[in-house]
Amino acid sequence: ALATLVGDIGKGFLPVWWSGMMIADGESQWVQAYAALVGLCALAGHFYPIYLKFRTGGKGVATAAGCLLAVSPGALGVSGLVFVMTACGLNRVSAASLAATAVMPLAVWVATGSPALTLWAGVTAAWIWSRHRANIRRLAAGTEPPIWKSDADG
């Protein structure tokens, strides 16, 4: 599981980081827009991998975290903190993923002030939420499995 997590984070981080490194002025709007486009491509590759014949892949949370690490470590820290607090409070990883991605656009805007990166964060959050439709239904029904079993869970 740890190797998968590191790989998924890496497939988001490396292309976005590399796209910024290839261009000298990492602060320009065009570079930020390019990094956002590369981030969306990394997510698309995760959602619809070629090795699965473009059929459904993962849910994209770790890959998005890797992209976010490359463009705004501070925003990743905020989203990560929301993830941990929600996971501990609700004991549901899907709820934590949804909460973390919900705050991502605002965190990116506050951290970067970049319209392109904020748009990327919003599109990414919406895309991840759409991938969690079944989880959202289970959360609403109270049937989403917990992270940790307790005596009350049976």
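Conventions adopted
- Residue numbering note: each chain is counted from 1, following its sequence as written.
- Given that this is a predicted model, residues contribute local features only at a pLDDT of at least 70 and side-chain atom pairs are listed and counted only at 80 or more, while totals for whole chains, interfaces and linings are drawn from all residues.
- As a convention, hydrogens and water are excluded, and side-chain values are obtained from all of the structure's heavy atoms.
- When a carboxyl oxygen of Asp or Glu lies within 4 Å of a side-chain nitrogen of Lys or Arg, that pair is called a salt bridge.
- Numbering goes from the N terminus for both helices and strands, where a helix is a DSSP run of H or I of at least four residues and a strand is a run of E of at least two.
- Residues enter a patch when their relative accessible area is above 30% and they make no salt bridge; the linking distance is 9 Å between like charges and 5 Å between nonpolar side chains (Val, Leu, Ile, Met, Phe, Trp, Tyr).
- Accessible areas in this description were obtained via Shrake-Rupley with a 1.4 Å probe; residue shielding takes into account the shown protein chains only.
- A 1.4 Å probe that fits into a set of points on a 1 Å grid over the protein atoms alone but cannot get out defines a cavity; an open set with protein on both sides within 12 Å along at least five of seven lines defines a pocket, and lining residues are those with an atom within 4 Å of a point.
- Grid points are joined across faces, edges and corners, and a volume is the space filled by probe spheres set on the points.
- Amino acids outside the nonpolar list (Ala, Val, Leu, Ile, Met, Phe, Trp, Tyr, Cys, Pro) and the charged list (Asp, Glu, Lys, Arg) are all regarded as polar, and Gly is one of them.
- Each axis is a line fitted through C-alpha atoms, taken for helices only over the stretch in contact, and angles between the N-to-C directions span 0 to 180 degrees.
- Roughly parallel covers angles under 35 degrees, roughly antiparallel covers those over 145, roughly perpendicular covers 65 to 115, and oblique covers all other angles.
- Helix crossings get a hand from a simple test, with the near helix turned counterclockwise from the far one by less than a right angle marking a left-handed crossing and a clockwise turn marking a right-handed one.
- Residues count as neighbours in contact if any of their non-hydrogen atoms are within 4.5 Å of one another.
- To qualify as a nonpolar core, a set must consist of buried Ala, Val, Leu, Ile, Met, Phe, Trp, Tyr and Cys residues joined through side-chain atoms within 4.5 Å.
- With a 1.4 Å probe rolled over the protein chains alone, any residue whose accessible area is under 20% of its type maximum counts as buried; one over 50% counts as exposed, and the rest are partly exposed.

Student: Explain the pattern of salt bridges to me, and be specific about the residues and the numbers.
Tutor: Scanning the model with the defined rule gives two salt bridges in all. For Asp 8, the salt bridge identified is with Lys 11, shortest N-O distance 3.4 Å. Taken together, the positions of Asp 8 and Lys 11, both in helix α1 (residues 2-21) and three residues apart, correspond to about one turn of that helix. Between Arg 138 and Glu 144 there is a salt bridge whose closest N-O contact spans 2.6 Å.

Student: Please give an account of a nonpolar patch on the surface that cites residues and values.
Tutor: Together, Leu 14, Trp 17, Trp 18, Met 21, Met 22 and Tyr 34 make up an exposed nonpolar region whose accessible area comes to about 660 Å². Ranked by the residues each element gives to the nonpolar patch, the list is headed by α1, at four residues. Mapping Tyr 34 onto the fold places it in helix α2 (residues 29-47).

Student: Can you tell me about the layout of surface pockets, naming the residues and giving the values?
Tutor: The volume enclosed by the largest pocket comes to roughly 450 Å³. Along the wall of the largest pocket there are 27 residues; nearest its centre are Leu 5, Val 61, Ala 62, Phe 83 and Ser 97. Listing elements by their share of the lining of the largest pocket, those giving two or more residues are α1, α3 (61-71), α4 (73-90) and α5 (93-112). It is α3 that provides the largest number of residues to the lining of the largest pocket, a total of eight residues. Its residues placed into classes, the lining of the largest pocket shows 13 nonpolar, eleven polar and three charged.

Student: Summarise the packing of α2 against helix α6 (residues 115-131); cite the residues concerned and give the values.
Tutor: Relative orientation of the contacting elements α2 and α6 amounts to 15 degrees, with a least axis distance of 8 Å. As the angle between them shows, α2 and α6 are arranged roughly parallel. Judged by the twist between their axes, the crossing of α2 over α6 is right-handed. Contact residues: Gln 32, Ala 33, Ala 36, Gly 39, Leu 40, Leu 43, Ala 44 and Phe 47 in α2; Ala 116, Leu 117, Trp 120, Val 123, Thr 124, Trp 127, Ile 128 and Arg 131 in α6. Partitioned by chemical class, the residues of the contact of α2 with α6 number twelve nonpolar, three polar and one charged.

Student: Hey, could you go over the nonpolar core for me, with residue numbers and the actual values?
Tutor: Formed by 18 residues in total, the largest nonpolar core has its most connected members in Leu 68, Val 108 and Trp 120. Among the elements of the structure, α2, α3, α5 and α6 are those that each provide at least two residues to this core. Considering each element in turn, this core owes the most residues, six residues, to α2. Here Val 108 is in contact with Leu 68, Ala 75, Gly 113, Leu 117, Thr 118 and Ala 121, once residues within four sequence places are set aside.

This is a description of form; function is not addressed.
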